[in-house]
Amino acid sequence: MSDDNYHRRTAITRLVVSSTAEPLLRETVSEWKRGCQTAVDKAWTRCHSKSDVQQLAYDDVRENTDLGSQHAILACHQAAENIKSCISRRQDGKKASKPTYTSPTVTYDSRTMTLFPDQERVSLTTHGDHSRVRADLELPDNEDGYQHQYLDSDEWEPTESTLHYRDGGWYLHLGFRKPKHDTKGEATENGTVLGVDLGVNEIAVTSTARFFSAGELNHNRREFERIRGNLQDHDSRNAHRTLEAVSGREDEYVKHVLHSVANGIVEEALRYDCDGIAFEELDGIRERLSGAAWHSEWAFARLYEYVEYKAEAAGLFVDTTNPKHTSKRCAECGFIHDDNRSTRDSFECQKCGNRNHADYNAAKNVADMYLRREQQSSRRRGVSQYALKSGTVTPNRGYTPYPDGFEVKSTDKLHRRPTACMPSDHV
Ligand SMILES: [Zn+2]
């Protein structure tokens, strides 16, 4: 996370690149890698501020590469950033050797890239004297991608972005920023978190009422188990080899599911303009969840790890809170009682009558309790409210609907509705 005066977010989109633009971008990638390497080679052990590296290495970068002047500057800045992070790694007692540039990426800023949100297009500077190339942003067809939240916003302005080539395609990681301070120059503590509850029937439920069902995962796992059971009855080498192959396939399958859930959670946070994501602490989660199998803890730890790095790439923080009472506490009135949770899926408050899906109630509690603790913490994140589908909740202050301008595109059709009754509260 950046510590400067801006909130930063990254929206990822695929690019449609023409066959004429393709080789130019490829060449720009290789010039960029060479430029960064030149700058690092020159500045390593000598300096690490952007201006120092630029002063020292700029001429070399221009001489050694075909990069234009602005990209040469950006390459120097990239080198400075990387040297700086090596220094801080070493300060933390970790190893850090001189960076080498192998990944196919290029950094862009407002001088080397122009974004046309209305046309869903971008123009990118390439190397040498070649003109810019234009490419269409391949945004989700149904127009409810979180990317629109930033592209169509007056509040968020485009900033440094990176072009990536991977899996045979081009992707743009579009950077956006907005000031952390209000117009009076006062730091605003109105950041938002997304609460996430983890469970057995639903892998995850967010405080914005997005449900990630575990139905298919649990079904397929039972299938894998059945196949393994059959194979274990055969005591042959062949069966043993097949058994290993099946286990490998199961691992891959589970990881694939967890990746897509992690992507969904991060997208949900971006869609609702959140600054971070709050989970319950994972320690002892298996004991807390009835019906959780041995692999659940492993899966939740994996999921958390995936969310953590995907969120970090998008400029969001991820944190945990003590899970005490999250399943038995009423998110509306705070009343805690064993009887509030009559079955695994349904929650009914014995005091205020609030009825809700139990995991959704818990997701709100996770966010609520995270915020209450955060208010007393010394390392504050500047968050004070959590996101619902239709507004935000500030602990002790209550519910605020989203302003008229804040239009979250409907995602209802994409997601399974919760099974329990949804009350008339702020869903
Ligand atoms: Zn209640």
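Note that this is a predicted model, so its numbers are computed, not measured.

### Focus on the overall build of the protein
The helix and strand tally for the protein stands at nine helices and 17 strands. Among the 427 residues that make up the protein, the fraction classed as buried is 49%. Across the protein, contacts joining residues at least 24 apart in sequence account for 64% of those joining residues at least 6 apart.

### Side note on the coordination of the zinc ion
In this structure, Cys330 (SG), Cys333 (SG), Cys349 (SG) and Cys352 (SG) serve as the protein donors to the zinc ion, at separations of 2.2 to 2.4 Å. One way to put it: the four donor atoms around the zinc ion meet at angles of 107 to 115°, and that makes the site tetrahedral. Mapped onto the polypeptide sequence, the residues donating to the zinc ion form the spacing pattern C-x2-C-x15-C-x2-C. Here Cys330 is found in the loop between β12 (317-321) and β13 (346-348), whereas its partner Cys349 is found in the loop between β13 and β14 (355-357), with 19 residues between them in sequence. The class of Cys330 is buried, set by a relative accessible area of 0%. Overall, the relative accessible area of 3% leaves Cys349 in the buried class.

### With respect to the packing of helix α2 (residues 50-64) against helix α3 (residues 69-91)
In the contact formed by α2 and α3, the axes pass within 8 Å of each other and the chain directions differ by 130°. Relative to α3, the element α2 is oriented oblique. For the pair α2 and α3, the sense of crossing is right-handed. In this structure, α2 uses Lys50, Val53, Gln54, Ala57, Tyr58, Val61 and Arg62 to contact α3, whose residues at the interface are Ser69, Ala72, Ile73, Cys76, His77, Ala79, Ala80 and Glu81. Looking at side-chain class alone, the contact of α2 with α3 contains nine nonpolar, three polar and three charged residues.

### Examining α3
Taking 1.5 Å per residue, 23 residues should reach 33 Å; α3 reaches 33 Å between its end C-alpha atoms and fits that length. Downstream of α3 by a residue or two, Gly93 has a phi angle that is positive, lying close to 80°.

### Let's talk about the packing of aromatic side chains
Counted by the stated rule, this structure contains eight aromatic pairs. On the numbers, 5.1 Å between centres and 75° between planes, the contact of Tyr150 with Trp156 is edge-to-face. Each member of the pair, Tyr150 together with Trp156, is buried. Here Phe317 and Tyr370 contribute two aromatic rings whose centre-to-centre distance is 6.3 Å and whose plane-to-plane angle is 35°, an arrangement assigned as tilted. Of the two residues, Phe317 is situated in strand β12 and Tyr370 in helix α9 (residues 358-375); the sequence distance between them amounts to 53 residues.

### Observations regarding the pairing of strand β8 (residues 191-198)
Of all eight residues that make up β8, eight are buried, and the element is covered over most of its length. Burial of β8 is two-sided: the residues Gly191, Val193, Gly195 and Asp197 facing one way and the residues Thr192, Leu194, Val196 and Leu198 facing the other way are all buried. Judged from the three bridges that link them, β8 and strand β11 (residues 276-280) form a sheet pairing that is parallel. What sits directly across from Leu194, in β11, is Ile277. By the bridge criterion, three bridges tie β8 to strand β9 (residues 202-206) in an arrangement that is antiparallel. Looking at β9, one finds that Asp197 is bridged to Val205. Between β8 and β9, which pair antiparallel one after the other, the connecting turn spans three residues.

### Points about the nonpolar core
Counting residues in each nonpolar core, the largest one holds 92 residues, and the members touching the most others are Leu15, Ile265 and Ile277. Looking at this core element by element, the count peaks at 13 residues for helix α6 (residues 237-271). When we break this core down by domain, the ones giving at least three residues each are domain 1 (3-179) and domain 2 (191-401). Ignoring anything within four residues of it in the chain, the contact list for Ile265 reads Leu194, Val196, Ala204, Phe212, Ile277, Phe279 and Val307.

### Re unusual backbone geometry
Residues other than glycine seldom take positive phi values, yet Glu120 does so here, at roughly 50°. Structurally, Glu120 can be placed in the loop between β3 (113-116) and β4 (121-124). In this structure, Asp167 takes a positive phi of about 45° despite not being glycine.

### So, the confidence of the model for the protein
In the predicted model, the protein carries a mean pLDDT of 86, and the fraction of residues at 70 or more is 89%. Counting contacts from residues 409-427, a segment whose pLDDT is below 50, to residues more than four positions away or on other chains yields 48 contacts.

### Remarks on helix α1 (residues 21-43)
With 23 residues, α1 ought to run about 33 Å at 1.5 Å a step, and its terminal C-alpha atoms sit 33 Å apart, in line with that. At the exit of α1 stands Thr45, carrying a positive phi of roughly 65°.

### Things to note about the packing of α1 against α2
Taken N-terminus to C-terminus, the directions of α1 and α2 make an angle of 135°; their axes are 9 Å apart at the nearest point. With respect to α2, the axis of α1 lies oblique. Pair α1 / α2 crosses with right-handed handedness. Touching Arg34, Gly35, Thr38, Ala39, Lys42 and Ala43 of α1 are Val53, Leu56, Ala57, Asp60, Val61 and Asn64, all from α2. Considered class by class, the residues forming the contact of α1 with α2 number six nonpolar, three polar and three charged.

Conventions adopted
- Residues numbered from 1 in each chain as written.
- Predicted model: local features only at pLDDT ≥ 70, side-chain atom pairs only at ≥ 80, totals over all residues.
- Heavy atoms only, no water.
- Helix = DSSP H or I, 4+ residues; strand = E, 2+ residues; numbered from the N terminus.
- Buried < 20%, exposed > 50% of the residue type's maximum accessible area, 1.4 Å probe, protein only.
- Contact = heavy atoms within 4.5 Å.
- Donors = N, O, S within 2.8 Å, 3.2 Å for Na, K, Ca; no water.
- Tetrahedral: all angles 85-135°; square planar, octahedral: opposite > 155°, others 65-115°.
- Axes fitted to C-alpha atoms, helices over the stretch in contact; angles between N-to-C directions.
- Parallel < 35°, antiparallel > 145°, perpendicular 65-115°, else oblique.
- Left-handed = near helix turned anticlockwise from the far one by under 90°.
- Nonpolar A, V, L, I, M, F, W, Y, C, P; charged D, E, K, R; others polar.
- Expected span 1.5 Å × (residues − 1).
- Phe/Tyr/Trp six-rings, centres within 6.5 Å; stacked < 30°, edge-to-face > 60°.
- Pairing = 2+ DSSP bridges.
- Core = buried A, V, L, I, M, F, W, Y, C linked by side-chain atoms within 4.5 Å.
- Domains from an automatic or database assignment.
- pLDDT = per-residue confidence, 0-100.

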